[in-house]
Amino acid sequence: MLLDLAGQLNSMNLAESKALWPLFEAIVNSIQAIEDSPNKDRGRITIMAEREPSMQTQVKQDQKELLEKFESFTVIDNGIGFNDTNYHSFRTAYSTLKVKKGCKGIGRFLWLKAFEEVEIHSTFFENFSRDFSFDSEHGITPEENNVTISGEQESRTSVKLKNFLPKYRNKAPVELDAVAKKIIEHCLPFFISGVCPQII
């Protein structure tokens, strides 16, 4: 069965007030990837937020520096990675692989509602890595032959949500602590479970 990605995206609604939900999806995916990995007792997630280039070096208002809006987010984890099973699930709309975790198999489409492109680099089984991009025009690129032998010894996945679309970028908070607070609120069940990985 073929999937019309543009049609899929058009059928989905993401309110501007939920501008950070694609980021939340990436973080929850990382938490679940760690749960399924040998690193579940030493899980680690790093979230990097990049601002759009500043037009002025030092702009201040009421003695407070004006902050540029966020342009991209990168979520890095040491979970199980995009092995063949997880990659097949990623390629399958409405995948049931994680249905027992409450997943509907459509979260990654939210990424493309708010961001132009997603870049993924994943190391798994200690010796293999998979690199591909995901966007609304081309889907997964390259879809095949995207695995190479890697010298990296630790499983590691990086998901970069690139080029925040203006309608959502303009509604997202610009303070880093405000973003962190919203992440905690959204992921609170994981934090209070007592087994949440370290999140930086």
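Please read these numbers as outputs of a predicted model, since none were measured by experiment. For every chain, the first residue of its written sequence is number 1, and the numbers climb from 1 along that sequence. The model is predicted, so local features are restricted to residues of pLDDT at least 70 and side-chain atom pairs to those at 80 or more, both for listing and for counting; the totals for chains, interfaces and linings are taken over all residues. Calculation of side-chain values draws on the structure's entire complement of heavy atoms; hydrogens and water are dropped beforehand.

*Asks:* Just checking my understanding: could you explain the overall build of the chain for this structure?
*Replies:* Each helix and strand in the chain was counted, giving 7 helices and 10 strands. Scaling as 2.2 N^0.38, a compact globule of 200 residues should have a C-alpha radius of gyration of about 16 Å, and the chain matches this with 17 Å. Looking at the 200 residues of the chain, the share that counts as buried comes to 40%. Of all intrachain contacts in the chain linking residues separated by at least 6 positions in sequence, the fraction that spans at least 24 positions is 69%. The charge count includes Lys and Arg as positive and Asp and Glu as negative, but it does not include His or the ends of the chains. Throughout, a charge is located at the NZ atom of Lys, the CZ atom of Arg, the CG atom of Asp or the CD atom of Glu. Where the 24 positive side-chain charges of the chain centre and where its 28 negative ones centre are 6 Å apart. Secondary structure elements follow DSSP: runs of H or I no shorter than four residues count as helices, runs of E no shorter than two count as strands, and numbering proceeds from the N terminus. Only C-alpha atoms enter the radius of gyration; for comparison, a globular chain is expected to reach 2.2 Å times N to the power 0.38, where N is the number of residues. Type-normalised accessible area, obtained with a 1.4 Å probe on protein chains alone, sets the label of each residue: buried when under 20%, exposed when over 50%, and partly exposed for intermediate values. Whether two residues are in contact is decided by their heavy atoms, any of which lying within 4.5 Å being enough.

*Asks:* Got a minute to help me understand the side chain of histidine 121 in this structure?
*Replies:* Here histidine 121 shows up in strand S5 (residues 115-124). A 3.5 Å cut-off defines polar contacts: any pair of N or O atoms within that distance qualifies, except that in protein one atom must be a possible hydrogen donor and the other a possible acceptor, and neighbouring residues in sequence count only when both atoms are side-chain atoms. Within the structure, histidine 121 has its side chain in polar contact with the side chain of aspartate 131 (distance 2.5 Å).

*Asks:* Would you explain a nonpolar patch on the surface in this entry?
*Replies:* Residues Phe125, Phe128, Val147 and Ile149 make up a contiguous nonpolar surface patch of about 420 Å² in total accessible area. In this fold, phenylalanine 128 is placed in strand S6 (residues 128-135). For phenylalanine 128, a relative accessible area of 35% translates into the label partly exposed. Patch building starts from residues that exceed 30% relative accessible area and form no salt bridge, then joins like charges within 9 Å and nonpolar side chains (Val, Leu, Ile, Met, Phe, Trp, Tyr) within 5 Å. Per-residue and other accessible areas were derived by the Shrake-Rupley procedure at a 1.4 Å probe size, with only the shown protein chains allowed to occlude residues. Note on definitions: salt bridges are taken to be side-chain nitrogens of Lys or Arg within 4 Å of carboxyl oxygens of Asp or Glu.

*Asks:* Mind showing me how you'd approach the packing of aromatic side chains here?
*Replies:* When the centres of two rings from Phe, Tyr and Trp lie within 6.5 Å, Trp using its six-membered ring, the rings pair. Their planes under 30 degrees apart give stacked, over 60 give edge-to-face, and anything left gives tilted. Enumeration over the complete set of coordinates arrives at 12 aromatic pairs. Both rings, one in phenylalanine 90 and one in phenylalanine 134, keep their centres 5.2 Å apart while their planes meet at 70°; by these two values the pair is edge-to-face. Here the residue phenylalanine 90 occupies a position in helix H3 (residues 84-91), and phenylalanine 134 occupies one in strand S6, the gap between them amounting to 44 residues. In this pair, the class of phenylalanine 90 matches that of phenylalanine 134, namely buried. Ring plane angle 25° and centroid distance 6.3 Å describe the contact between phenylalanine 124 and phenylalanine 128, whose orientation is recorded as stacked. Since its relative accessible area comes to 3%, phenylalanine 124 is described here as buried. Here a set of aromatic residues connected by ring pairs shows up, and it is made of Phe82, Tyr87, Phe90, Trp111, Phe132 and Phe134. Whether a charge lies above a ring is judged from NZ of Lys or CZ of Arg, which has to be within 6 Å of the ring centre and within 35 degrees of the ring normal. The ring of phenylalanine 90 carries the charged tip of arginine 108 above its face, separated from the ring centre by 5.5 Å.

*Asks:* I'm lost on the nonpolar core in this one. Help?
*Replies:* Taken as a class, soluble globular proteins show a tendency for nonpolar side chains to be buried jointly. Side-chain atoms within 4.5 Å are what join buried Ala, Val, Leu, Ile, Met, Phe, Trp, Tyr and Cys residues into a set we call a nonpolar core. Residues Leu23, Trp111 and Phe134 are the most contacted members of the largest nonpolar core, which totals 39 residues. It is helix H2 (residues 21-35) that contributes the most residues to this core, 7 residues altogether. If sequence neighbours within four positions are ignored, tryptophan 111 has contacts with Pro22, Glu25, Ala26, Asn29, Phe90, Val118, Ile120, Phe134, Val159 and Leu161.

*Asks:* Explanation requested: unusual backbone geometry in the structure shown.
*Replies:* Most peptide bonds take the trans form, and the phi angle of most residues other than glycine is negative. Following threonine 141, the chain continues to proline 142 via a peptide bond in cis, the omega torsion being -15°. On the secondary structure map, proline 142 appears in the loop between strand S7 (139-141) and strand S8 (147-149). If you check the backbone angles, asparagine 145 has positive phi at about 55° while not being a glycine. Assignment of secondary structure puts asparagine 145 in the loop between S7 and S8. At asparagine 163, a residue that is not glycine, the phi angle is positive and equals roughly 60°. By secondary structure assignment, the location of asparagine 163 is in strand S9 (residues 156-164).

*Asks:* Could you clarify how one ought to interpret the side chain of threonine 157 in this entry?
*Replies:* Checked against the element boundaries, threonine 157 lands in strand S9. Of the polar contacts made by the side chain of threonine 157, one reaches the side chain of serine 122; its length is 2.7 Å. Among all residues touching threonine 157, those that are not within four sequence positions of it are Val75, Ile76, Asp77, Gly81, Phe82, His121 and Ser122.

*Asks:* Help me understand the pairing of S9 in this model?
*Replies:* Put simply, side chains in a regular strand alternate between the two faces of the sheet. Bridging between strand S4 (residues 70-77) and S9 involves 5 bridges; their strand directions are antiparallel. By the bridge assignment for S9, phenylalanine 73 is matched with leucine 161. At least two bridges found by DSSP between two strands is the condition for calling them paired.

*Asks:* Hey, could you run me through the environment of glutamate 50 in this one?
*Replies:* Relative to the helices and strands, glutamate 50 resides in strand S1 (residues 44-51). Between the alpha carbons of glutamate 50 and glutamate 126 there is a distance of 29 Å; along the sequence they are 76 residues apart. Beyond its immediate chain neighbours, meaning those up to four positions away, glutamate 50 contacts Phe70, Glu71, Ser72, Thr74 and Lys160.

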